[in-house]
Amino acid sequence: QVQLVESGGGLVQAGVSLRLSCAASGRTFNMYPMGWFRQAPGKEREFVAGITWSGAYTYYADSVKGRFTISRDNAKNTVYLQMDSLKPEDTAVYYCAADPIRTIEGPEYNYWGQGTQVTVSS
């Protein structure tokens, strides 16, 4: 079992940066690929970024490529999402997830966090 807890969300102005963290419990955290997803009001949850278990490979949605960076620290059981040049359209609840069932881009993962709200004002 893996439990995931996101933190770092908040209300920010457009153009600034924010870093989300996802702390995981469980001895096997460093065996799992991880992903970040988001869900805006009235929209379906969408893939944002993913990272392999070693951190060697990362994947991004086109909408965040070049602005967001996913990373992980397996010694700390934590995965991060650095979000730069935030835009109002990045406003959403952000979820981290562990252990994809098929692909890192999802949408099916075995473990999900509760989410953290990110609101970007113009």
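Presented here is a report on the structure given in the accompanying data block.

The rules behind the values
- Residues numbered from 1 in each chain as written.
- Predicted model: local features only at pLDDT ≥ 70, side-chain atom pairs only at ≥ 80, totals over all residues.
- Heavy atoms only, no water.
- Helix = DSSP H or I, 4+ residues; strand = E, 2+ residues; numbered from the N terminus.
- Buried < 20%, exposed > 50% of the residue type's maximum accessible area, 1.4 Å probe, protein only.
- Contact = heavy atoms within 4.5 Å.
- Pairing = 2+ DSSP bridges.
- Axes fitted to C-alpha atoms, helices over the stretch in contact; angles between N-to-C directions.
- Salt bridge = Lys/Arg side-chain N within 4 Å of Asp/Glu carboxyl O.

Considerations on the side chain of serine 21
Working step 1: Structurally, the position occupied by serine 21 is in strand S3 (residues 18-25).
Working step 2: We classify serine 21 as buried; its relative accessible area is 16%.
Working step 3: Residues contacting serine 21, with those up to four places away along its chain left out, are Val5, Glu6, Ser7, Trp36, Thr78, Val79 and Tyr80.

Section: the sheet that holds strand S1 (residues 3-7)
Working step 1: Pairing is antiparallel across the open sheet formed by 4 strands, whose spatial order is S1-S3-S8-S7. Where the open sheet ends on each side, the last strands, each with one partner, are S1 and strand S7 (68-73). For this sheet, the mean angle separating the axes of adjacent strands, direction not counted, is 15°.

Looking at the pattern of salt bridges
Working step 1: Scanning all chains against the criterion turns up 5 salt bridges.
Working step 2: We note a salt bridge from arginine 38 to glutamate 46, for which the minimum N-O separation is 2.7 Å.
Working step 3: A salt bridge links aspartate 62 to lysine 65; the nearest nitrogen and oxygen atoms lie 3.2 Å apart.
Working step 4: By relative accessible area, aspartate 62 is classed as exposed at 68%.
Working step 5: When salt bridges with common partners are traced through the structure, they connect Arg38, Glu46, Arg67 and Asp90 into a single cluster.

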